[in-house]
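These are the residues of each chain, in order.
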Amino acid sequence: MPKDEFDPDDPMELCGVGLLTEEDTTDAMAECFIEEFMRLGHSHTQIHALFRNPFYIGMNMVMQNKGEVYVKEKITEVFARWGKVITWPEQGAVPLTP
């Protein structure tokens, strides 16, 4: 089977699945996204830009549902857990690009 064709019978094919739950899992999901990209070497401003990017559906959903202040607080909290102190640039001072 060619690499770029999807095979529904391939057990090794990646498949995303959404799970419905009554519990709000936004906190855990946001922390997981932040920690993953932090450990890949992204800065706090780069991670913040990913939350603003609509192509990162899960991250962008957190931004839309919880707001920018929540996202910045979560990023600061996760970075602090890893011993990294961050400061946010003044509003409009530096464009936030990944």
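That block above? That's the structure.
What you see is a predicted model; the values in this text were computed from it and never measured.

1. Digging into the overall build of the protein
Working step 1: Of the regular secondary structure elements, the protein holds 4 helices and 0 strands.
Working step 2: Classification of the 98 residues of the protein by burial places 24% in the buried group.
Working step 3: Long-range contacts, defined as pairs at least 24 residues apart, comprise 57% of the intrachain contacts of the protein with a sequence gap of at least 6.
Working step 4: Looking at the protein as shown, the accessible area adds up to about 7500 Å², and 55% of this sits on carbon and sulfur atoms.

2. Remarks on helix α3 (residues 57-66)
Working step 1: Looking at α3, one finds that the buried residues are Met59, Asn60, Val62 and Met63. Projected down its long axis, α3 shows its buried positions confined to an angular sector of 150 degrees, all on one face. Turned more than 90 degrees from where α3 packs its buried face, Ile57, Gln64 and Asn65 sit exposed.
Working step 2: In this structure, the buried residues of α3 make contact with α1 (26-39), α2 (44-52) and α4 (68-81).

About the cut-offs
Residues numbered from 1 in each chain as written. Predicted model: local features only at pLDDT ≥ 70, side-chain atom pairs only at ≥ 80, totals over all residues. Heavy atoms only, no water. Helix = DSSP H or I, 4+ residues; strand = E, 2+ residues; numbered from the N terminus. Buried < 20%, exposed > 50% of the residue type's maximum accessible area, 1.4 Å probe, protein only. Contact = heavy atoms within 4.5 Å. Areas by Shrake-Rupley, 256 points an atom, 1.4 Å probe, with all protein chains shown as cover. Arc of directions from axis to C-beta.

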